[in-house]
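A structural walkthrough
What follows is the residue order along each chain.
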Amino acid sequence: MFAYSNHFLQQIRLRNISMQSIEDVLNYPAEMVVEDGLTVYQKVISENNKPCLLRIFVNTTRQPPLVVTAYKTSKINKYLRA
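The rules behind each value
Residues numbered from 1 in each chain as written. Predicted model: local features only at pLDDT ≥ 70, side-chain atom pairs only at ≥ 80, totals over all residues. Heavy atoms only, no water. Salt bridge = Lys/Arg side-chain N within 4 Å of Asp/Glu carboxyl O. Helix = DSSP H or I, 4+ residues; strand = E, 2+ residues; numbered from the N terminus. Buried < 20%, exposed > 50% of the residue type's maximum accessible area, 1.4 Å probe, protein only. Contact = heavy atoms within 4.5 Å.

Attention now goes to the pattern of salt bridges. Under the defined criterion, the tally for this structure stands at three salt bridges. One salt bridge in this structure joins Asp24 and Lys43, with 3.0 Å as the shortest N-O distance. With Asp24 in helix 2 (residues 19–27) and Lys43 in strand 3 (residues 38–47), this residue pair connects regions lying 19 residues apart in the sequence. As a salt-bridge pair, Arg55 and Glu35 come within 2.6 Å of each other at their nearest N and O atoms. Within this pair, whereas Arg55 is found in strand 4 (residues 50–59), its partner Glu35 is found in strand 2 (residues 31–35), the two being separated by 20 residues in sequence.

Dropping the structure here:
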């Protein structure tokens, strides 16, 4: 179970990221890394038949964990360690 910040909800709307994609990555991440005190859930997804990395930043010190922001990037090798 996760809580969603207003900033996160605004960003996924602006960045055209579906809640279904968000839930898939949160429930089945390919990798979880810590950056700037936040846990980043990430996974390669297909966007218009092209691979991209969906990165979701979560404050796991909160209960329930608070999803702070999310974005997609084509720079898969820069961020994915697995």
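With that settled, the discussion passes to the environment of Ala3. One can find Ala3 in strand 1 (residues 3–4). Among the residues examined, Ala3 registers a relative accessible area of 25% and is labelled partly exposed. Taking C-alpha positions, Ala3 is 6.1 Å from Val67, a pair spaced 64 residues apart along the chain. Once residues lying within four places of it in the same chain are set aside, the contact partners of Ala3 are Pro64, Pro65, Leu66 and Val67.

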